[in-house]
Amino acid sequence: MSDLPRKAVTRTAKLAALPIGFAGRATWGLGKRIVGESAELVGRELQQRTAEQLFKVLGELKGGAMKFGQALSVFESALPEEVAGPYRAALTKLQEAAPPMPTRTVHAVLEERLGADWRELFEEFEDKPSAAASIGQVHRAVWHDGREVAVKVQYPGAGEALLSDLGQLSRFARLLGPLIPGMDIKPLITELRDRVSEELDYALEAEAQQAHAEEFAGDPDVVVPAVVHQCEQVLVTEWIDGIPLSEVIADGTQEQRDRAGQLLAHFLFSGPARTGLLHADPHPGNFRLLPGGPGGADDWRLGVLDFGTVDRLPGGLPAPIGESLRMTLDGQADAVYQMLCAEGFVKESVELDPDAVLDYLLPIIEPARVEEFTFTRGWMRGQAARIADPRSPAYQLGKRLNLPPAYLLIHRVTLSTIGVLCQLGSTVRLREELEEWLPGFAADAEAEEGAMEA
């Protein structure tokens, strides 16, 4: 395996072959329809074959291709189960079996960035990587002071590969649409491209991770490894062991699933309120279950990794999210509609029926209506089908709503987290987290009294 980005021509040729393969399968599907097979059956076979080819290519390439695959991975719960099975297998392979960087390349990067005597910084250094990601890989080591550490080394040429892959993928984003019902692929690719420079900057990542590590130090529920050392292309952090969330999804106990889901929801909403930052890469590979939660040795904590992508929210999550969510639950159609217009979700040139908007939103926010909610793949598939069916009123209304840039990353992170909760099949007290951490969601009694007096 040669270094990233390998030959640009090779990467482009592999990605360019994808739409040709999709087109060939579409022709095959048409043939099957002509001889009498049902549209639903043929559509599912097409999805399955397309997913298998897509993730085989993305896993081989790493770079932006793999980044895109990881972003898609959390939405597999929206797919029919007979498609989702092979899809999950392909994604697991994508996340866990990416080909490693050659040892000589790793040593060359460490020598260039840490100095010729870089080995003196470590008591031990494992040449075999413990994990491989889209722009770098992680090696387990022991720092010179005896601490176990994770050493993240960036692939040479990672930036070029990221931009090249995402540019190529954006050219045929429309063809990828049927993979995930109800999801517009092109904005996802655009957003990933816009954040390439942030993703590559380990100084920014170290800053975000250290802010979380300090805030959650001693927290009974969440563990964030502290930063030990950082320089260009190399990031050294404390090592944490634990059960990867992908393993909990595959065969964890229901107790583990429920605890992992609750902790994930807790971190999603408490993180921005406590640090002013939103962890924006919530795929299962970035989380671990660690023993020793508040209930003792048999309880669990959530370990959080990879702060390469964050959204900076100095005041926490925007208050209009909580306010509009609360008003939607209260059935205040006109007030919700006015807030959506004011925040730019409804363009000035578009007029919608406020009651229809309420009907569109209520099923999506169903988990916030009850004390606890069980997230399932069936529920996720139902929501995706409702929004993706061109014949449904929800589809027609959804096409006329707008997502303002300031909310783009928040929206994707929230959807991604819900996708992971559905993969886990966990029962979560979501409303409890919203009331504690989401500005504007819990009505402020004092503010209401003040308004009454005024």
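Rules used in this analysis
Residues numbered from 1 in each chain as written. Predicted model: local features only at pLDDT ≥ 70, side-chain atom pairs only at ≥ 80, totals over all residues. Heavy atoms only, no water. pLDDT = per-residue confidence, 0-100. Contact = heavy atoms within 4.5 Å. Helix = DSSP H or I, 4+ residues; strand = E, 2+ residues; numbered from the N terminus. Expected span 1.5 Å × (residues − 1). Buried < 20%, exposed > 50% of the residue type's maximum accessible area, 1.4 Å probe, protein only. Arc of directions from axis to C-beta. Phe/Tyr/Trp six-rings, centres within 6.5 Å; stacked < 30°, edge-to-face > 60°. Core = buried A, V, L, I, M, F, W, Y, C linked by side-chain atoms within 4.5 Å. Pairing = 2+ DSSP bridges. Axes fitted to C-alpha atoms, helices over the stretch in contact; angles between N-to-C directions. Parallel < 35°, antiparallel > 145°, perpendicular 65-115°, else oblique. Salt bridge = Lys/Arg side-chain N within 4 Å of Asp/Glu carboxyl O. Patch = residues over 30% accessible without salt bridge, like charges linked within 9 Å, V, L, I, M, F, W, Y side chains within 5 Å. Areas by Shrake-Rupley, 256 points an atom, 1.4 Å probe, with all protein chains shown as cover. Lys, Arg positive; Asp, Glu negative; His and termini not counted. Charge placed at Lys NZ, Arg CZ, Asp CG, Glu CD.

Engineer: Quick question: what am I supposed to make of the confidence of the model for the chain here?
Structural biologist: Atom-level detail of predicted coordinates should not be read off regions where pLDDT is low. Looking at the chain, pLDDT values average 81 and 72% of them are 70 or higher. The model gives residues 1-9 a pLDDT under 50, and that stretch makes 22 contacts with residues more than four places away or in other chains.

Engineer: Would you mind going over helix 16 (residues 377-388) with me for this structure?
Structural biologist: One turn of the α-helix equals 3.6 residues, which is why residues spaced by three or four share an orientation. Taking 1.5 Å of rise per residue, the twelve residues of helix 16 would be expected to cover 16 Å, and the 16 Å separating its terminal C-alpha atoms lies within 8% of that figure. Looking at helix 16, one finds that the buried residues are Arg377, Trp379, Met380, Gln383 and Ala384. For helix 16, the arc enclosing every buried residue in end-on projection is 165°, short of the 170-degree limit, so these residues lie on one face.

Engineer: Help me understand the packing of aromatic side chains in this model?
Structural biologist: Remark: the centre distance and the inter-plane angle together describe each pair of aromatic rings, the angle taken between the planes. Counted under the stated rule, the structure contains nine aromatic pairs. An angle of 80° between the planes, with centres 5.2 Å apart, marks the rings of phenylalanine 122 and tryptophan 143 as edge-to-face. With phenylalanine 122 in strand 1 (residues 122-125) and tryptophan 143 in strand 3 (residues 136-143), the pair connects residues that are 21 residues apart, well separated along the chain. Here phenylalanine 122 and tryptophan 143 have matching classes, each one buried. On the basis of an interplanar angle of 70° and a centroid distance of 5.3 Å, the ring pair of phenylalanine 373 and tryptophan 379 is categorised as edge-to-face.

Engineer: Help me understand the nonpolar core, please; the structure alone is not making it clear to me.
Structural biologist: Within soluble globular proteins, side chains that are nonpolar tend to cluster in buried spots. Membership of the largest hydrophobic core comes to 68 residues, with the highest contact counts inside it found for Phe267, Val304, Phe375 and Leu434. Considering every element that reaches this core, the biggest residue donor is helix 18 (residues 405-424), with nine residues. Other than its neighbours up to four places away in sequence, leucine 434 contacts Phe269, Leu325, Ala368 and Phe441. In this structure, Val106, Val109, Trp118 and Leu235 belong to the second largest nonpolar core, which totals 30 residues.

Engineer: Mind showing me how you'd approach the pairing of strand 4 (residues 148-154) here?
Structural biologist: If a strand is regular, its side chains alternate between the two faces of the sheet. In terms of residue burial, strand 4 counts as a mostly covered element, since six of its seven residues are buried. Counted along the chain from strand 3 to the antiparallel partner strand 4, the turn is four residues long, and its residue glycine 146 has a positive phi close to 95°. In terms of strand pairing, strand 4 meets strand 7 (residues 234-238) through five bridges, oriented antiparallel. In the sheet register, lysine 152 faces strand 7, and the bridge partner there is leucine 235.

Engineer: Help me out: how do you make sense of the packing of helix 16 against helix 18 in this one?
Structural biologist: The geometry of a pair of packed helices is captured by two quantities: the angle between their axes and the separation between those axes. Interaxial distance between helix 16 and helix 18 falls to 8 Å at its minimum, and their mutual angle equals 140°. It follows from the interaxial angle that helix 16 and helix 18 lie oblique. Of helix 18, the residues touching helix 16 (which contributes Arg377, Trp379 and Met380) are Ile418, Gly419, Cys422 and Gln423.

Engineer: Please clarify how the side chain of glutamine 256 should be interpreted in this entry.
Structural biologist: Mapped onto the secondary structure, glutamine 256 falls in helix 12 (residues 254-275). In this structure glutamine 256 comes out as buried when scored by relative accessible area, which is 14%. For glutamine 256, the residues in contact, after removing those within four places along its chain, are Ile243, Val248, Leu289 and Trp300.

Engineer: Looking at this model, I keep getting lost on the pattern of salt bridges. Mind explaining?
Structural biologist: When the charged atoms of two side chains lie near each other, side chains of opposite charge can form a pair. Applying the stated criterion to the full structure yields 15 salt bridges. A salt bridge links arginine 140 to glutamate 148, with the nearest nitrogen and oxygen atoms 2.8 Å apart. A cluster of three or more residues bridged by salt bridges with shared partners is formed by Glu112, Arg113 and Glu232.

Engineer: Mind showing me how you'd approach the sheet that holds strand 11 (residues 296-304) here?
Structural biologist: Strands pair in a sheet through their backbones, by hydrogen bonds, and they do so in one of two ways: parallel or antiparallel. What the four strands build is an open sheet, ordered 5-11-10-8; its pairing is mixed. Of all the strands in the sheet, just strand 5 (222-223) and strand 8 (243-244) have a single pairing partner and so form its edges. Judged from the two bridges that link them, strand 8 and strand 10 (residues 287-293) form a sheet pairing that is antiparallel. Within strand 10, the residue paired with proline 244 across the bridge is arginine 288. The sheet strands contacting helix 12 are strand 5, strand 8, strand 10 and strand 11, and the helix crosses strand 11 at an angle near 45°.

Engineer: Can you help me understand a negative patch on the surface in this one?
Structural biologist: On the surface, Glu123, Glu124, Glu126 and Asp127 cluster together into a patch of negative charge. Inspection of the secondary structure puts glutamate 123 in strand 1. Under the relative-accessibility criterion, glutamate 123 is labelled exposed at 53%.

Engineer: Would you mind showing me how to read unusual backbone geometry here?
Structural biologist: Phi is mostly negative for residues that are not glycine, and the peptide bonds are mostly trans. At glutamine 233, a position not held by glycine, the phi torsion is positive, near 70°. Mapped onto the fold, glutamine 233 is located in the loop between strand 6 (227-231) and strand 7. Residue classification places glutamine 233 among the buried residues on the basis of a relative accessible area of 13%. Positive phi, normally seen in glycine, also occurs at aspartate 306, with a value near 60°. Note that aspartate 306 resides in the loop between strand 11 and strand 12 (310-312). When its relative accessible area of 16% is taken as the criterion, aspartate 306 is described as buried.

Engineer: Looking at this structure, how should I read helix 18?
Structural biologist: Taking 1.5 Å per residue, 20 residues should reach 28 Å; helix 18 reaches 30 Å between its end C-alpha atoms and fits that length. Where burial is concerned, most of helix 18 is hidden: 14 out of the 20 residues are buried. Of the residues trailing helix 18, glycine 425 is marked for its positive phi of about 65°.

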